[in-house]
Amino acid sequence: MSEAWVTLTTNDSYSVGALTLATSLKRVGTTRQLVCMVTKGVGEGMLNCLKQKFDHVVQVEELDSNDAANLKLLDRHDLGITFTKIRCWTLTQFSKCVFLDADVLALSHCDELFDRDEFSAAPDAGWPDCFNSGVFVFKPSLETYTNIMKFASETGSFDGGDQGLLNSYFSDWPHKDITKHLPFTYNMVASATYSYLPAYTKFGKNVKIVHFIGATKPWLIHFDGKGEPQIGGTEQHTKNHLQLWWQLFSNEVKPMLEKSSAFKVSHESYQFMSSHVAPTFTACPPPPPSPPTDSRADWERGSPDYTGTASFNNILKKIDETLAVKDSN
Ligand code: UDP
Ligand code: GLC
Ligand code: MN
C-alpha cells in the first residue's frame, strides 16, 4: 500500500495554503502521494485547482468541537473546526501518512518522515511536553478513528482544537518513546525561533519544514511589489521563509487560480468566487514572477530563484548573514 502526505482545508482561504504546501513538497522531490481533505466550505473553482496539485482530493464531513470556552484560552475561535483533521485516520487506502497543516512549507526533502511510526510529532514550542499537531506521522485505521471520536465525545479537548484532543489521546507521547519525538526541524514554528536565538543560529539551517502558526497566515500578509512581506520587527527572522512561500505562491499557484477563475482580481485585493466563504485573502497582487535566474543579486534583493540549483542554500546563507549582523550589533 502507498504512503501519503495529507493536509486539510475547509475553505478557500486555507486552500491557498494547501496549494502552496503541495507546490513545496513537489519542489523538494517527494515520492509520496499528495492528499487533500476538503469539506463543503471549499468552492468549486478552488476544488478544481486542488485537483490539479494533489493526487487525491477527498471530501470529508466537517467536525467542530464547538468548545468556545477552551478556544478562548487559545485566542483562536476559528479552530474548533480543526477537529476535522481526525478524519485523516479514515484514509485506510494508505498504509502510512504524514499529516501537515495547510500553513506549513517543506523547505527540503523530508520523505524520511515515513520511516517513523504512529504517533510521531515534534514538541510544541509553547509547551514542549505537548506535541504540535501541525505535523504528525500516523497510520490510518478505522479502529483508531472510532476510538479517537469516542474519546473526543467523552473527554473533549483542552484547547478546543485537534491538538488538545490528540495530546490527551496519545498521552504517553511526552515520556514513553523518544523515537516518536520528531526533531523541531520538522515543524519549526516560525513565530517562536527568537526565543532561543543561539539554537536558531546553530540549527536554523537544518530546518526542513516551517510552520506559520498563528492568525497571520502567509496568504493574509501584504507583500509589496518586490515581494517584501510587510511584517513587524518580531517576525523579521522568518522573512526568508515568507518570501519563499510568496515565490512558490506567485509562480505556481496564483497563475493557476487566475486561469481557473477560482477568484477574480479586483483592484488591490483578491476575492474568492465562492459565495459561502468570506473573501479573506486580502494581500495585494504580487508582481509577475521574475524569470528564474540564479544570481546573487536576485536573492540579495529578496527574490531568490527557488528553482536554481543553489537557491535554498542561498536563502539559508542570507538568514545566517542576517543573524550575524544582528549578533554583532
Ligand atoms: N483549518 C482549516 N480551516 C480553518 C481552520 C483550520 O482547514 O478554518 C485546517 C488547516 O489545515 C490548518 C489547520 O486546520 O492549517 C490548523 O489550523 P491553523 O494552522 O490555523 O492553526 P495554528 O497552526 O495557527 O495553530
Ligand atoms: C495548534 C496547532 C494546530 C492545531 C491547533 C488547534 O496550535 O498548530 O495544528 O490545529 O493548535 O488545536
Ligand atoms: Mn498551523
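As the structure is a computational prediction, the values presented were derived from the model and not from experiment.

Parameters and conventions
- Residues numbered from 1 in each chain as written.
- Chains lettered and ligands numbered in written order.
- Predicted model: local features only at pLDDT ≥ 70, side-chain atom pairs only at ≥ 80, totals over all residues.
- Heavy atoms only, no water.
- Donors = N, O, S within 2.8 Å, 3.2 Å for Na, K, Ca; no water.
- Tetrahedral: all angles 85-135°; square planar, octahedral: opposite > 155°, others 65-115°.
- Helix = DSSP H or I, 4+ residues; strand = E, 2+ residues; numbered from the N terminus.
- Buried < 20%, exposed > 50% of the residue type's maximum accessible area, 1.4 Å probe, protein only.
- Core = buried A, V, L, I, M, F, W, Y, C linked by side-chain atoms within 4.5 Å.
- Contact = heavy atoms within 4.5 Å.
- pLDDT = per-residue confidence, 0-100.
- Pairing = 2+ DSSP bridges.
- Axes fitted to C-alpha atoms, helices over the stretch in contact; angles between N-to-C directions.
- Near = heavy atom within 4 Å.
- Polar contact = N/O pair within 3.5 Å; in protein donor to acceptor, adjacent residues only side chain to side chain.
- Areas by Shrake-Rupley, 256 points an atom, 1.4 Å probe, with all protein chains shown as cover.
- Nonpolar A, V, L, I, M, F, W, Y, C, P; charged D, E, K, R; others polar.

> What should I look at first to understand the coordination of the manganese ion (ligand 3) in this one?
Looking at the manganese ion (ligand 3), one finds its protein donor set to be Asp101 (OD), Asp103 (OD), Asp103 (OD) and His211 (NE2), positioned 2.2 to 2.3 Å from the metal centre. Around the manganese ion (ligand 3), the 6 donor atoms are arranged such that angles at the metal cover 56 to 172 degrees; this shape is classified as irregular. When the donor residues of the manganese ion (ligand 3) are listed from N- to C-terminus, their spacing reads D-x1-D-x107-H. Here His211 lies in strand β9 (residues 209-211) and Asp101 lies in the loop between β4 (94-100) and β5 (104-106), a separation of 110 residues in the sequence. By relative accessible area, which is 16% here, Asp101 ends up buried. The buried category is assigned to His211, whose relative accessible area is 2%.

> I would appreciate a short explanation of the nonpolar core in the present structure.
A general trend in soluble globular proteins is that nonpolar side chains are found buried together. In terms of nonpolar packing, the biggest core is built from 52 residues, with Trp5, Leu50 and Leu100 touching the most fellow members. Residue contributions to this core peak at 9 residues, all from helix α7 (residues 239-260). If sequence neighbours within four positions are ignored, Trp5 has contacts with Leu25, Thr30, Arg32, Gln33, Leu34, Val35, Val98, Leu100, Cys110, Asp111, Leu113 and Phe114. In terms of nonpolar packing, the next biggest core, distinct from the first, is built from 27 residues, Phe94, Tyr145, Ala152 and Leu166 among them.

> Please explain the confidence of the model for the protein chain as it appears in this structure.
Interpretation of the predicted coordinates at a detailed level should be avoided for regions scoring low in pLDDT. Residues at a pLDDT of 70 or more form 77% of the protein chain, whose mean pLDDT is 82. Between residues 265-316, whose pLDDT stays under 50, and residues either more than four places distant or in other chains, the model counts 112 contacts.

> Sorry, what's going on with the sheet that holds strand β6 (residues 120-123) here?
Whether parallel or antiparallel, the strands of a sheet pair through hydrogen bonds between backbone atoms. The 6 strands lie next to each other as β3-β2-β1-β4-β7-β6, forming an open sheet whose pairing is mixed. At either margin of the open sheet sits one strand with a lone partner, and together these are β3 (56-59) and β6. Neighbour-to-neighbour, the strand axes of the sheet open up by a mean angle of 25 degrees, direction not taken into account. Pairing of β4 with strand β7 (residues 131-138), which is carried by 4 bridges, proceeds in the antiparallel orientation. In the sheet register, Phe99 faces β7, and the bridge partner there is Phe136. Helix α1 (residues 12-27) contacts β1 (2-9), β2 (33-38) and β4 of the sheet and is inclined by roughly 150 degrees relative to β1.

> What exactly am I supposed to notice about helix α5 (residues 162-169) here?
Because each turn of an α-helix spans 3.6 residues, side chains separated by three or four positions in sequence point in the same direction. Within α5, 6 of the 8 residues are buried, which leaves the element mostly enclosed by the surrounding structure. For α5, the full list of buried residues reads Asp162, Gln163, Gly164, Leu165, Leu166 and Asn167. In this fold, the buried residues of α5 make contact with β7 and α4 (142-155).

> Whenever I open this one, the site of ligand 1 confuses me. Can you help?
By nearness alone, 16 residues border ligand 1, and Leu8, Thr10, Tyr14, Gly214 and Lys217 come closest of all. Here an oxygen atom of ligand 1 and a side-chain polar atom of Asn11 are 3.5 Å apart. At a separation of 3.0 Å, an oxygen atom of ligand 1 approaches a polar backbone atom of Ala102. When ligand 1 sits alone it has 510 Å² of accessible area, and the protein chains cover 92% of it. Each residue belonging to the shell around ligand 1 can be placed in one class, and the counts come to 6 nonpolar, 6 polar and 4 charged.

> I tried to follow the site of ligand 2 on my own but got confused; where do I start?
Near ligand 2 you find 13 residues, and of these Lys85, Asp101, Asp159, Asp162 and Gln163 are the closest. In the model, an oxygen atom of ligand 2 is placed 2.8 Å from a nitrogen or oxygen of the Asp101 side chain. Protein contacts shield 91% of the accessible area of ligand 2, which totals 310 Å² for the unbound molecule. Taken together, the elements giving at least two residues each to the shell around ligand 2 come down to β7 and α5. Sorting elements by how many residues they give to the shell around ligand 2 places β7 first, with 3 residues.

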